[in-house]
Amino acid sequence: MPGNRPHYILLPVSPLFITFSLVCAFMLNLLPMGRWVGAPDFVALVLVFWGIHQPRKVGIGVAFLMGLLMDVHDASLLGENALAYTLLSYLAIMIHRRVLWFRLMTQAMHVFPLLLLAQAVQAFVHFTASGRFPGLLHFAESVVAVSLWPVITWLLLAPQRRAVDRDHTRPI
């Protein structure tokens, strides 16, 4: 049946892989494309992913630390990204049980308001501090990030999937 899709039991995720994915997301944010309109915030996207899939391993503290690192990198107001990432992580952890029941595109539609809210918090803090609104094109970043949700999900869940042609002599 085309509507029935197989459900796989995933292997446990390695803390080293979580750290590696967060470092890679941070490095992608360090690229000079950050000034382009619509360049996604990879750290926010990976934080939402791990907040949904592994809420006990990647929580609000990790989000706060990543936010401080992004604040230092962006030379923005200290705490701007930290506040946004902390709120983003909290909301992702809050809805993680519901989101996992849906297909990828529906998951992306649940993640979109979270990313949009995080950008709105960043824009509000920036507006409060400087008196300038970044413009509506600033929010195009969330649309691009949500379009990358299926790719990010596939990439970050790949090490946890079992082999389809499993060796029956192995316990897992």
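Calculation rules
- Residues numbered from 1 in each chain as written.
- Predicted model: local features only at pLDDT ≥ 70, side-chain atom pairs only at ≥ 80, totals over all residues.
- Heavy atoms only, no water.
- UniProt positions renumbered as here; feature names shortened; annotations may be inferred.
- Helix = DSSP H or I, 4+ residues; strand = E, 2+ residues; numbered from the N terminus.
- Contact = heavy atoms within 4.5 Å.
- Areas by Shrake-Rupley, 256 points an atom, 1.4 Å probe, with all protein chains shown as cover.
- Buried < 20%, exposed > 50% of the residue type's maximum accessible area, 1.4 Å probe, protein only.
- Axes fitted to C-alpha atoms, helices over the stretch in contact; angles between N-to-C directions.
- Parallel < 35°, antiparallel > 145°, perpendicular 65-115°, else oblique.
- Nonpolar A, V, L, I, M, F, W, Y, C, P; charged D, E, K, R; others polar.
- Phe/Tyr/Trp six-rings, centres within 6.5 Å; stacked < 30°, edge-to-face > 60°.
- Core = buried A, V, L, I, M, F, W, Y, C linked by side-chain atoms within 4.5 Å.
- Expected span 1.5 Å × (residues − 1).

In the nomenclature of an unreviewed UniProt entry, the chain corresponds to Rod shape-determining protein MreD from the organism Massilia agri. Regarding the chain, the UniProt comment filed under Sequence similarities (unreviewed entry) reads as follows: "Belongs to the MreD family."

Trainee: Which residues make up the overall build of the chain, and what values do they have?
Mentor: Within the chain, the regular secondary structure consists of eight helices and zero strands. If you take every contact in the chain between residues at least 6 apart in sequence, the share linking residues at least 24 apart comes to 67%. Entry remark: accessible area of the chain is about 10500 Å², with carbon and sulfur atoms responsible for 71%.

Trainee: Please set out the side chain of Asn81 residue by residue, giving values where relevant.
Mentor: Secondary-structure assignment places Asn81 in helix α4 (residues 80-94). For Asn81, the residues in contact, after removing those within four places along its chain, are Gly67, Met70, Asp71, Asp74, Ser76 and Gln122.

Trainee: Talk me through the UniProt feature "transmembrane region" (unreviewed entry) in the chain; I want residue IDs and the actual numbers.
Mentor: UniProt tags residues 7-28, 34-52 and 135-157 as "transmembrane region" (unreviewed entry). Structurally, residues 135-157 comprises 74% helix and 0% strand, and the distance from its first C-alpha atom to its last is 35 Å.

Trainee: Tell me about the environment of Gln122, residues and numbers included.
Mentor: Inspection of the secondary structure assignment puts Gln122 in helix α6 (residues 104-130). Residue Gln122 is classed as buried on the basis of its relative accessible area, which comes to 9%. Measuring from C-alpha to C-alpha, the distance between Gln122 and Glu80 comes to 5.9 Å, with 42 residues separating the pair along the chain. If we skip the residues at most four places from it in the chain, Gln122 touches Asp41, Glu80, Asn81, Ala84 and Tyr85.

Trainee: Outline the packing of helix α1 (residues 15-30) against helix α2 (residues 42-53), listing residues and values.
Mentor: At a minimum axis distance of 8 Å, the contact between α1 and α2 shows a crossing angle of 155 degrees. Here α1 lies roughly antiparallel to α2, going by the angle between them. Where α1 abuts α2, its residues Phe17, Ile18, Ser21, Leu22, Ala25, Phe26, Leu28 and Asn29 lie against Phe42, Val43, Val46, Leu47 and Trp50. Among the residues making up the contact of α1 with α2, the classes are represented as eleven nonpolar, two polar and no charged.

Trainee: Give a description of the packing of aromatic side chains that names residues and reports values.
Mentor: Tallied over the full model, the rule gives four aromatic pairs. Centre to centre, the rings of Phe49 and Trp50 are 4.9 Å apart; their planes meet at 75 degrees, and the pair counts as edge-to-face. In this structure Trp50 comes out as buried when scored by relative accessible area, which is 0%. Their ring planes at 35 degrees and their centres at 6.4 Å tell us that Phe133 and Phe139 sit as a pair that is tilted. Assessed through its relative accessible area of 18%, Phe139 is described here as buried. What links up through ring pairs into an aromatic cluster is the set Phe17, Phe49, Trp50 and Trp149.

Trainee: I'd like a rundown of the nonpolar core, residues and numbers included.
Mentor: Counting residues in each nonpolar core, the largest one holds 40 residues, and the members touching the most others are Val43, Leu47, Val48, Trp50, Tyr85, Leu115 and Trp149. Of the residues forming this core, the biggest block, ten residues, is contributed by α2. Here Leu115 is in contact with Ala44, Leu45, Val48, Leu88, Ser142, Ala145 and Val146, once residues within four sequence places are set aside.

Trainee: How would you sum up α1? Please name residues and give values.
Mentor: For α1, which comprises 16 residues, the first-to-last C-alpha distance of 23 Å matches the rise-based estimate of 22 Å (1.5 Å per residue) to within 8%. Phe17, Ile18, Ser21, Leu22, Ala25, Phe26 and Asn29 are the residues of α1 that are buried.

Trainee: I'd love a proper account of α4, names of residues and values included.
Mentor: Taking 1.5 Å of rise per residue, 15 residues should cover 21 Å, and α4 covers 21 Å from first to last C-alpha, within 8% of that figure. Of all the residues in α4, the buried ones are Glu80, Asn81, Ala82, Ala84, Tyr85, Thr86, Leu88, Ser89, Leu91 and Ala92.

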